[in-house]
Amino acid sequence: MVRGVLSFPLTSFRDDGSLDPDGFRAHLAAQLAAGPGAVFPACGTGEFFSLDEDEYRQVVSLAVRETAGRVPVVAGIGYGWAQAVRFARIAEEAGADALLVLPHYLVAAPQDGLVAQLEHIAARTRLPLIAYQRGQVALTAASLRRVAAIPTVIGLKDGHSDLDRLQRLTLAAPEGFLFFNGAATAEIQARAYATVGVPAYSSAVHAFAPEIANAFFAALLDGDDKTADRLLRDFYVPLVELRDRVPGYAVSLVKAAARLRGRPVGPVRAPLTDPSAADLADLRTVLTTGLDLVGATP
């Protein structure tokens, strides 16, 4: 999973809001053709929070079937630990390789509770777990040591972008414990994360423009700062500025960009909203610029 961009595929819906399995299958096939390091279905970008259990089962099962063992399939689970375990069992039955534990629902919790949440889940599934700290979940170095001591917890995805805290966590972790950059539009901070020992990252851009995501990843690997800076300045920063206009655009814009490229992903589900006509026009301009930079066709 640290040798390529991590793909978080979108969940396809029809115009009436129902799940579109054929659309998801086609979208995932395009993602796999771009060579990701792993596939993370039904996570934040995949609108996990809007799926019922039957839909979740379909999405994870399709991901496992379509991937066919080529790369790991890491399914999202979340809410309180009891509900997370229900999703974990579905993912296990579907053949997922591991689970990403999304932040629990609503309430703030002390460090002992954050650790206990993972202990409860780990005791009830055989699948490896990756904890995701974001929002109300932020582990201390002492808690990270306790979490890493849980035999099936294999890594941590960070969405806080607090490099001081993250450095303390990487130093506290045992050898072989995995860390992932899970910041929104992770490429913006990819070089900073790498300096504290976290080179692997998830890419929302990969969901609609894997050509751009892979070009940026290659530039980082090659130390090609000129290419990386050009992509950041002319594509990623304008995309982030557009993303920050409306809450939820971190998913809505990604889906809209995928539709602009002919991907059958459909609309977002409430409480998210699709971009306005003006924002969609700006998105088209940003996307065209990015594709031009890497010599790809719209």
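That block above? That's the structure.
Heads up: these notes are all about the structure in this document.

Each value, and the rule that gives it
- Residues numbered from 1 in each chain as written.
- Predicted model: local features only at pLDDT ≥ 70, side-chain atom pairs only at ≥ 80, totals over all residues.
- Heavy atoms only, no water.
- Core = buried A, V, L, I, M, F, W, Y, C linked by side-chain atoms within 4.5 Å.
- Buried < 20%, exposed > 50% of the residue type's maximum accessible area, 1.4 Å probe, protein only.
- Helix = DSSP H or I, 4+ residues; strand = E, 2+ residues; numbered from the N terminus.
- Contact = heavy atoms within 4.5 Å.
- Pairing = 2+ DSSP bridges.
- Polar contact = N/O pair within 3.5 Å; in protein donor to acceptor, adjacent residues only side chain to side chain.
- Axes fitted to C-alpha atoms, helices over the stretch in contact; angles between N-to-C directions.
- Left-handed = near helix turned anticlockwise from the far one by under 90°.
- Nonpolar A, V, L, I, M, F, W, Y, C, P; charged D, E, K, R; others polar.
- Salt bridge = Lys/Arg side-chain N within 4 Å of Asp/Glu carboxyl O.
- 1 Å grid on protein atoms, 1.4 Å probe; cavity = no way out; pocket = protein on both sides within 12 Å on 5 of 7 lines; lining within 4 Å.
- Points joined across faces, edges and corners; volume = space filled by probe spheres on them.
- Phe/Tyr/Trp six-rings, centres within 6.5 Å; stacked < 30°, edge-to-face > 60°.
- Right-handed = clockwise from strand over helix to strand, strands pointing away.

**Some points on the nonpolar core**
Next, step 1: One finds F40, Y56, I77 and L100 to be the most contacted residues of the largest nonpolar core, which totals 67 residues.
Next, step 2: Looking at this core element by element, the count peaks at 7 residues for helix 3 (residues 81-94).
Next, step 3: Setting aside residues no more than four positions away along its own chain, L100 makes contact with F8, F40, C43, V74, A75, G76, I77, I130, Y132 and K157.
Next, step 4: L10, V205, A213 and L287 belong to the second largest nonpolar core, which has 33 residues in total.

**Section: the sheet that holds strand 8 (residues 202-203)**
Next, step 1: Overall, parallel pairing links the 3 strands, which are arranged 2-1-8 in an open sheet. For this open sheet the edge positions go to strand 2 (38-39) and strand 8, each flanked by a neighbour on one side alone.
Next, step 2: Judged from the 2 bridges that link them, strand 1 (residues 6-7) and strand 8 form a sheet pairing that is parallel. When the bridges of strand 8 are listed, L6 appears paired with S202.

**Some details on the environment of D97**
Next, step 1: By the secondary structure assignment, D97 is in the loop between helix 3 and strand 4 (98-101).
Next, step 2: Through-space distance from the C-alpha of D97 to that of P72 is 5.9 Å; in sequence the pair is 25 residues apart.
Next, step 3: In contact with D97, other than residues within four places in its own chain, are V71, P72, V73, L127 and P128.
Next, step 4: Polar side-chain contacts of D97 include one of 2.8 Å to the backbone nitrogen of V73.

**Notes on the packing of helix 8 (residues 210-222) against helix 9 (residues 225-243)**
Next, step 1: Where helix 8 contacts helix 9, the axes come no closer than 8 Å and their chain directions differ by 145°. Once helix 8 is placed against helix 9, the crossing between them reads as left-handed. From helix 8, I212, A213, A215, F216, A219 and L220 reach across to helix 9, where they touch T227, A228, L231, L232, F235 and Y236.
Next, step 2: Broken down by class, the residue content of the contact of helix 8 with helix 9 amounts to 11 nonpolar, 1 polar and no charged.

**Let's talk about the pattern of salt bridges**
Next, step 1: Counted according to the given criterion, the structure contains 16 salt bridges.
Next, step 2: Ionic pairing is found between D54 and R57, a salt bridge with its closest N-O pair at 3.5 Å. Of this pair, D54 and R57 are both found in helix 2 (residues 53-67), 3 residues apart, which corresponds to roughly one turn of the helix.
Next, step 3: Among the residues examined, R57 registers a relative accessible area of 33% and is labelled partly exposed.
Next, step 4: With a closest N to O distance of 3.0 Å, R126 and E92 form a salt bridge. Of the two residues, R126 sits in the loop between helix 4 (111-122) and strand 5 (129-133) while E92 sits in helix 3, which places them 34 residues apart along the sequence.
Next, step 5: One salt-bridge network, in which partners are shared between bridges, spans R191, D225 and D229.

**What to know about empty space enclosed by the protein**
Unoccupied space between atoms shows up once a probe the size of one water molecule is rolled over them.
Next, step 1: According to the stated counting rule, one finds 2 cavities of 30 Å³ or more in the structure shown.
Next, step 2: Space inside the largest cavity adds up to approximately 110 Å³.
Next, step 3: What lines the largest cavity is simply V101, L102, P103, H104, L114, Q117, L118, A131, Y132, V137 and L139.
Next, step 4: Sort the elements by how many residues they give to the lining of the largest cavity and helix 4 lands first, with 3 residues.
Next, step 5: Across the lining of the largest cavity, the residue classes break down as 9 nonpolar, 2 polar and no charged.
Next, step 6: Within this model, the second largest cavity holds a volume of roughly 30 Å³.
Next, step 7: If you go around the second largest cavity, the residues you meet are L6, F40, I130, K157, F180, N181, Y201 and S202.
Next, step 8: Of the residues belonging to the lining of the second largest cavity, the class tally is 5 nonpolar, 2 polar and 1 charged.

**Brief notes about the packing of aromatic side chains**
Next, step 1: In this structure the tally under the stated criterion is 10 aromatic pairs.
Next, step 2: Aromatic pair Y56 and F87: ring centres 4.7 Å apart, planes at 80°, arrangement edge-to-face. Of the two residues, Y56 is situated in helix 2 and F87 in helix 3; the sequence distance between them amounts to 31 residues. The two residues Y56 and F87 agree in class, both being buried.
Next, step 3: Centroid distance F177 to F179: 5.4 Å. Interplanar angle 70°. Geometry classified as edge-to-face.

**Comments concerning the pairing of strand 4**
Next, step 1: Of the two faces of strand 4, the one carrying A98 and L100 and the one carrying L99 and V101 are both buried.
Next, step 2: The pairing of strand 3 (residues 74-77) with strand 4 spans 4 bridges and is parallel. Following the sheet pairing, I77 is matched in strand 4 by V101.
Next, step 3: As a crossover connection, the stretch from strand 3 through helix 3 into strand 4 is right-handed.
Next, step 4: Bridging between strand 4 and strand 5 involves 3 bridges; their strand directions are parallel.

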